Every structure is written in structure tokens, then in C-alpha cells.
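Next come the chains, spelled out residue by residue.
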Amino acid sequence: MALLDDAFSSLGGAVLIGIGAALVAPVLLPVAGAILRPVAKGVIKGGFYLADTLQEVIAEGSEQLSDLMAEVQAEHATSVATTTRTEQQ
């Protein structure tokens, strides 16, 4: 019997908290939703801004790398042509 009493006494507080939360939830949830909705929208907008900025940075880096590769290829072609002419003479 003592075991059963201990189980119900420890659950009693949790049950009361659960009942209280169920009674207060309909009042607090719309308020919380009104507060959290703009926060969530701000976080989502920030994510979009970050994604756009990151995409621009990657595109710029890719363009610079492409330009660098083209420059190196042109220098290499000039070097090969000069070496070929020197060897033929």
C-alpha cells in the first residue's frame, strides 16, 4: 500500500501541473504565437539573406579563380611557344 501511495503522491504534483498547463494553454498559446511569429519570420529572412550573400561570395570567388586559370593558361602557352622557337633555332 505504501508503494501505491508513494506512486500517487509523486504523480499528484505532475498531474496538477499538467492540468494547470492545459487550462492556461489556450490563453498563453495565442500570445506566444503573436510574439514568436515575427521572431520566426526574422530568422527565416536572415537565413535567406545569408544564403544570398553566400551565393554571391561563391560566384565572385569562382569568377576570380576562372580568371586566374585563364591567365595562367595564357602565360603557359606563351612560355611553351617561346621555348619551342628557341629550340628550333
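Relevant structure appears above.
Rules and cut-offs
- Every chain's residues receive numbers from 1 upward, in the order its sequence appears when written.
- Note on the predicted model: pLDDT of at least 70 is required for a residue's local features to be given, and 80 or more for side-chain atom pairs to be given and counted; whole-chain, interface and lining totals, by contrast, use all residues.
- Side-chain figures throughout are based on the complete set of non-hydrogen atoms in the structure, without hydrogens or water.
- Only DSSP runs of H or I reaching four residues or more are called helices, and only runs of E reaching two or more are called strands; each is numbered from the N terminus.
- For every residue, the accessible area (1.4 Å probe, protein chains only) is compared with the maximum for its type, and the residue is labelled buried under 20%, exposed over 50%, or partly exposed between those bounds.
- Here, Shrake-Rupley sampling with a 1.4 Å probe gives the accessible areas, and only protein chains in the shown set may cover a residue.
- Patch definition: residues above 30% relative accessible area lacking any salt bridge, with like charges linked at up to 9 Å and the nonpolar side chains Val, Leu, Ile, Met, Phe, Trp and Tyr linked at up to 5 Å.
- A pairing counts as a salt bridge when a side-chain nitrogen of Lys or Arg comes within 4 Å of a carboxyl oxygen of Asp or Glu.
- His is not counted, nor are the chain ends; Lys and Arg add positive charge and Asp and Glu add negative charge.
- Note on charges: their place is set at NZ of Lys, CZ of Arg, CG of Asp or CD of Glu.

When helices and strands are tallied, the chain shows one helix and zero strands. Here the chain, with 89 residues, has 0% of them falling under the buried criterion. Surface exposure of the chain reaches about 7900 Å², of which carbon and sulfur atoms provide 70%.

Glancing now at a negative patch on the surface. Negative charge collects at one region of the surface, where Glu60, Glu63, Asp67, Glu71 and Glu75 lie side by side. Looking at Asp67, the relative accessible area reads 47%, which means it is partly exposed.

Glancing now at a nonpolar patch on the surface. A contiguous nonpolar patch, built from Leu16, Ile19, Leu23, Val24, Val27 and Leu28 and spanning about 610 Å² of accessible area, is present on the exposed surface. Here Leu23 shows up in helix α1 (residues 2-88). Judged by relative accessible area, which is 64%, Leu23 ranks as exposed.

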